[in-house]
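Take a look at the letters that make up each chain.
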Number of protein chains: 2
Amino acid sequence: MQTTGDQHLVKKINKTIVLDTIIKHSPLSRAQLSDMTGLHKGTVSTLVNELIDEKLVYEIGLGRSSGGRKPVMLVFHKTAGYAVGVDLGVRYILAVLTDLEGRIVGELQLDLEGGEPEGVLKLVEEAVHSLKAGAPPSPYGIVGAGIGVAGIVDDNGIVLLAPNLGWENVELQRLLQEKLGFPVAIDNEANAGALGELQYGAAREASDIVYLSVGTGIGAGIVIGRQLMKGSGGFSGEIGHTTIETNGKKCRCGNKGCWEQYASESSVMEKARTLGIGKFDELIALARRESPEAVRLFHEVGESLGIGIANIVNTFNPELILIGNQMTRAEQWIRNPIERAVAHRSLPYSRQQAQIRFASLDTHSAVLGAAHHAISAFFSKDRVTL
Amino acid sequence: MQTTGDQHLVKKINKTIVLDTIIKHSPLSRAQLSDMTGLHKGTVSTLVNELIDEKLVYEIGLGRSSGGRKPVMLVFHKTAGYAVGVDLGVRYILAVLTDLEGRIVGELQLDLEGGEPEGVLKLVEEAVHSLKAGAPPSPYGIVGAGIGVAGIVDDNGIVLLAPNLGWENVELQRLLQEKLGFPVAIDNEANAGALGELQYGAAREASDIVYLSVGTGIGAGIVIGRQLMKGSGGFSGEIGHTTIETNGKKCRCGNKGCWEQYASESSVMEKARTLGIGKFDELIALARRESPEAVRLFHEVGESLGIGIANIVNTFNPELILIGNQMTRAEQWIRNPIERAVAHRSLPYSRQQAQIRFASLDTHSAVLGAAHHAISAFFSKDRVTL
DNA sequence: GACACTTTGTATATCCATTATACAAAGTTT
DNA sequence: AAACTTTGTATAATGGATATACAAAGTGTC
């Protein structure tokens, strides 16, 4: 039994349009809203007044006249509530408190040494509580938390497998939600990153993008029509395990020649270790000092990255490919090799439209995406889009 | 200025729901419709009566009583109009006339030897006219034509490149529409095939599928949430040119190690030629007679197909992968090698959900998908879905 | 067969969004 | 100061959906 149409639905649709327009273009008058949305003046008035009652919008006073009565300017009440975003990495927990526009108002980072789910959960809980304590008073309080996890997450917020954390079948969503007392949403780290860039970063204007989280492994957050493509079980984007070398290096996953064996941070570090370099930071530092070996390693990983990116270009015809996570730090050395490989290996028509860029939110793509997930869940009750 | 909500929209939404339900479950009474859709009895009555006026639905008489007044049974008027589907292959033109439910009521096939767009267009036009002449009289007549082309097609129905036809920048949609006098829709062959299987074939119940057209090359029609994923310019699905062997065989596209160099019909035939076999039919015949060489060739191509399919499984997490076009004919020899390769090379969670099957419409996936495109365009004026 | 009960489908009233119209308030321009 | 503009609200009209009542046409039971 699908959702049918009635007046209530119409109102939801129009209210969504009005609120979205205010969020995107405020400050704005009712008259301007009517012009921009095509809704009748009276309709806009009614809806805006309801939004004001709900504390989601408020009036900031009069604007400039253009030959008549001065308009009352409206703005989105971005501090009507706050959201928490958590990036649950392998070696760290990064947590932020944001307002409803995704602006960071509190941040907290702590190191992690893997460990049992219970212990890590405790730490996450503490981090969230401490951020919550720092949140200014607001009508809605903390509207929810979003967590981005470096692992495979299913539709029910269960972490099926997080190899680098050593987790299997952890009911993260349920456990955290019980402890925190507000809604919790779980996503994998690449999807969270894609959401973050889509909403607040380099992909704000884009529609079809692929966000690549290049760290220990390679994961993709795939966005089609500004919506995450999650796959039938929520497992899509495990693109690091696609084969780019039929009889290539063995991978932990059981396959041979997986992309991430050639293009991930781990794959560079494996080679770097033969040069006596143990940490990614050191390798970056070496490359900065123009060490030919370090630069060569990055050139190699860049070419390998380019191969997989060309595959993405041919498969998805996206308008934008964003490279995120640790590997962004090597941008200056890998950019050219990537572009060369893509130029050689992708089809002209798709390549023309595909921009390749680096994540603009830096290390914060995933954590902001997670926060956005919470914010969007908060609004989703009253939202309908066509 | 987005579409806003009003009563007209509500009516469209509900009418769409009612018509879709009738199409899917007819024969059906108004009372049953009310139950199934959740719409009020009176609303259903009004909408059904309008659909009857529009000749899209009619009453076939009384049904069984279940302890009260007998219901009036309604059915979709599937012959209220007809659609034309054309599969414009490299060596043939296959055209069908279908009713509004996609059932074939006329078919026509002719050989093609490549050639200039003008000549081919003329042939297509003649084929369509001859099918149109055979269509029974109906309220709406021919509602439109859909064409599936073996090449790269953009959003405006321009065939940017059809290497095997030798075409470049042919304004197929405009040219045909002018000549035929009814709406024409152009798709590439893989997208058309995906649509066909989605609507009338093995994917009728599925939501996220990848249809692989494995012929001269390999193209994919990617369906997410029962919608074609077209990419930002309409060029998505050129999956045959993804790299599975970094330094592999050279491809016409300029890349090395493209999947279709190992897993397409052409790639098998290239090997077959060294055995003195010139036609795919011969190779199939040989394999039927259990020729070890022929069977070995198919085993090899099966394994290669499996590699790319595993990549698809990991990337998309689809519920269904359909293998279509010429290669379906080798099903009995390639099925096991494909499954073995996928089992070795894809991640367990995604693999569990991914069924791999062969196109159930056989050689007609694309032509029926093309016809469906025309039908759905005809209905789209009055359709809104949430 | 009479009676009670069900089921179907329509007719009419009510509800509630939007739009249309009118208008008051508060500007600018000449 | 007078004429015109612009903004925002109040009230009526419009057109959908739902709610209610009811007639028509069944079934089942004694």
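Residues numbered from 1 in each chain as written. Chains lettered and ligands numbered in written order. Predicted model: local features only at pLDDT ≥ 70, side-chain atom pairs only at ≥ 80, totals over all residues. Heavy atoms only, no water.

Short version of the rule: UniProt positions are given in the numbering used here, feature names are shortened, and annotations may be inferred rather than shown by experiment.
Under an unreviewed UniProt entry, chain A has the name ROK family transcriptional regulator and belongs to Paenibacillus hemerocallicola. Checking UniProt for chain A, the heading Sequence similarities (unreviewed entry) contains the comment "Belongs to the ROK (NagC/XylR) family." A UniProt comment under Function (unreviewed entry) is attached to chain A, and it reads "Transcriptional repressor of xylose-utilizing enzymes."

### Topic: the layout of surface pockets
Residue and element names in this part refer to chain A. Applicable threshold: Two kinds of site are reported from a 1 Å grid over the protein atoms alone, namely cavities, where a 1.4 Å probe fits but cannot get out, and pockets, open sets with protein on both sides within 12 Å along at least five of seven lines, and residues are called lining when an atom falls within 4 Å of a point. Grid points are joined across faces, edges and corners, and a volume is the space filled by probe spheres set on the points. Starting at the N terminus, helices and strands are each numbered in turn, a helix being any DSSP run of H or I of at least four residues and a strand any DSSP run of E of at least two. Ten residue types, Ala, Val, Leu, Ile, Met, Phe, Trp, Tyr, Cys and Pro, are classed as nonpolar, four, Asp, Glu, Lys and Arg, as charged, and the remainder, Gly among them, as polar.
Size it by volume and the second largest pocket reaches roughly 2000 Å³. In terms of lining residues, the second largest pocket is bounded by 42 residues, among which Asp20, Gln199, Arg226, His372 and Arg383 are the most central. Secondary-structure elements contributing two or more residues to the lining of the second largest pocket are α1 (7-25), α2 (30-37), α6 (189-200), β14 (227-228) and α13 (365-380). For the lining of the second largest pocket, the element with the highest residue contribution is α1, accounting for nine residues. Residue classes in the lining of the second largest pocket are distributed as 17 nonpolar, 15 polar and 10 charged.

### Some thoughts on helix α13 (residues 365-380) of chain B
Residue and element names in this part refer to chain B. Selection criterion: Between the first and last residue of a helix there are one fewer steps than residues, each counted as 1.5 Å, and that sum is the expected span. A simple rule labels every residue: compare its accessible area, found with a 1.4 Å probe on the protein chains alone, to the largest value its type can have, and call it buried under 20%, exposed over 50%, or partly exposed in between.
Taking 1.5 Å as the rise per residue, α13 with 16 residues should run 22 Å; its terminal C-alpha atoms sit 22 Å apart, in good agreement. With 12 of 16 residues buried, α13 is to be regarded as a mostly interior element. Regarding α13, the residues found buried are Ser365, Ala366, Val367, Leu368, Gly369, Ala370, Ala371, His372, Ala374, Ile375, Phe378 and Phe379.

### Digging into the nonpolar core
Here is the rule: Nonpolar cores were defined as sets of buried Ala, Val, Leu, Ile, Met, Phe, Trp, Tyr and Cys residues, with membership established by side-chain atoms within 4.5 Å. Contacts are residue-level and defined by heavy atoms, with any inter-residue pair within 4.5 Å sufficient.
In this structure, Leu212 and Phe298 of chain A together with Leu212 and Phe298 of chain B are the most contacted members of the largest nonpolar core, which totals 84 residues. When residues no more than four places from it in sequence are discounted, the contact partners of Leu212 of chain A are Ile218, Gly219, Ala220, Ile239, Trp259, Ile309, Ile312, Ile321, Leu322, Ile323 and Gly324 of chain A.

### Some details on the relation of the copies chain A and chain B
Quick note on the threshold: Copies overlap after least-squares fitting; the atoms used are the C-alpha atoms of residues with pLDDT of at least 70 in both.
Taken as rigid bodies, chain A and chain B are interconverted by a rotation of 180° and an axial shift of 0.0 Å, the fit giving an RMSD of 0.1 Å. Seen this way, the second copy is the image of the first under a two-fold rotation axis.

### Some details on the protein's contact with DNA strand D
Rules: To be near a molecule or strand, a residue needs just one of its heavy atoms within 4 Å of it. In protein, a polar contact requires one atom able to donate a hydrogen and another able to accept it; more generally it is a pair of N or O atoms within 3.5 Å, and residues adjacent in sequence count only if both atoms are side-chain atoms.
Near DNA strand D lie 23 residues; those nearest to it are Gln7, Ser45, Arg69 and Val72 of chain A together with Gln7 of chain B. Backbone atoms, meaning sugar plus phosphate, form 58% of the atoms of DNA strand D positioned within 4 Å of the protein. One of the side-chain N or O atoms of Thr43 of chain B is found 2.7 Å from a phosphate oxygen in DNA strand D. Those elements that provide at least two residues to the surface near DNA strand D are α2 and α3 (41-53) of chain A together with α1 (7-25) of chain B. The element that contributes the greatest number of residues to the surface near DNA strand D is α1 of chain B, accounting for four residues. Class assignment of the residues belonging to the surface near DNA strand D gives a composition of four nonpolar, 14 polar and five charged.

### A few points about empty space enclosed by the protein
Under the definition given, this model contains three cavities of 30 Å³ or more. Quantified by volume, the largest cavity comes out at close to 180 Å³. As for the largest cavity, its lining consists of 17 residues, and the residues nearest its centre are Asn311 and Thr315 of chain A together with Thr242, Asn311 and Thr315 of chain B. At the level of secondary structure, the elements contributing two or more residues to the lining of the largest cavity comprise α10 (292-316) of chain A together with α10 (292-316) of chain B. The residue makeup of the lining of the largest cavity, split by class, is eight nonpolar, nine polar and no charged. Forming the walls of the second largest cavity are Val153, Asp154, Asp155, Ile186, Asp187, Asn188, Asn191, Lys230 and Gly234 of chain A. With three residues, the top contributor of residues to the lining of the second largest cavity is strand β11 (residues 184-188) of chain A. Its residues assigned to classes, the lining of the second largest cavity comprises two nonpolar, three polar and four charged.

### A word on the pattern of salt bridges
We count it as follows: One side-chain nitrogen of Lys or Arg within 4 Å of one carboxyl oxygen of Asp or Glu is enough to make a salt bridge.
Under the definition given, this model contains 34 salt bridges over all chains. A salt bridge links Asp20 of chain A to Arg383 of chain A, with the nearest nitrogen and oxygen atoms 2.7 Å apart. Of this pair, Asp20 of chain A sits in helix α1 while Arg383 of chain A sits in the segment after α13, and the two are 363 residues apart along the sequence. The class of Asp20 of chain A is partly exposed, set by a relative accessible area of 28%. In this structure Arg383 of chain A comes out as partly exposed when scored by relative accessible area, which is 32%. Here Glu101 of chain B makes a salt bridge to Lys78 of chain B, at a shortest N to O gap of 3.9 Å. With Glu101 of chain B in the loop between β5 (92-99) and β6 (104-111) and Lys78 of chain B in the loop between β3 (72-76) and β4 (82-88), the pair connects residues that are 23 residues apart, well separated along the chain. In this structure Lys78 of chain B comes out as partly exposed when scored by relative accessible area, which is 33%. Connected via shared salt-bridge partners are Lys11, Lys15, Glu50 and Glu54 of chain A.

### Let's talk about the state of the cysteines
Residue and element names in this part refer to chain B. Test applied: Throughout, disulfides are identified as pairs of cysteine sulfur atoms within 2.5 Å of each other.
Within this structure, the stated rule accounts for zero disulfides over all chains. Not engaged in a disulfide, the cysteine Cys253 finds its nearest cysteine sulfur in Cys258; these two sulfurs lie 3.6 Å apart. For Cys253, a relative accessible area of 23% corresponds to the partly exposed category.

### A closer look at the domain arrangement of chain A
Residues and elements named next belong to chain A. Let me state the cut-off plainly: Here the limits of each domain have been adopted from an automatic or database domain assignment. Simply put, the buried area is the total loss of 1.4 Å probe accessible area from both parts when two parts are fitted together.
What the domain assignment reports for chain A is domain 1 (7-76), domain 2 (82-194 + 366-380) and domain 3 (205-360). With six residues of domain 1 at the interface, the matching set in domain 2 holds five residues. Taking both sides of the interface into account, the surface hidden between domain 1 and domain 2 amounts to around 460 Å²; carbon and sulfur atoms contribute 77%. When residues of domain 1 are sorted by the area they lose upon contact with domain 2, Lys55, Leu56 and Phe76 head the list and together hold 70% of the total. Where domain 1 meets domain 2, there are zero salt bridges. The interface formed by domain 1 and domain 2 holds one residue pair in polar contact (both at pLDDT 80 or more) in total.

### Concerning the protein's contact with DNA strand C
Contacts to DNA strand C come from 23 residues, most closely from Gln7 of chain A together with Lys41, Ser45, Arg69 and Val72 of chain B. Counted by atom, the contact set of DNA strand C within 4 Å of the protein is 61% sugar and phosphate. A distance of 3.3 Å is found between a base nitrogen of DNA strand C and a backbone nitrogen or oxygen belonging to Arg69 of chain A. Arg30 of chain B is positioned with one of its backbone polar atoms (N or O) 3.2 Å from a phosphate oxygen of DNA strand C. Secondary structure elements with two or more residues in the surface near DNA strand C: α1 of chain A together with α2 (30-37) and α3 (41-53) of chain B.

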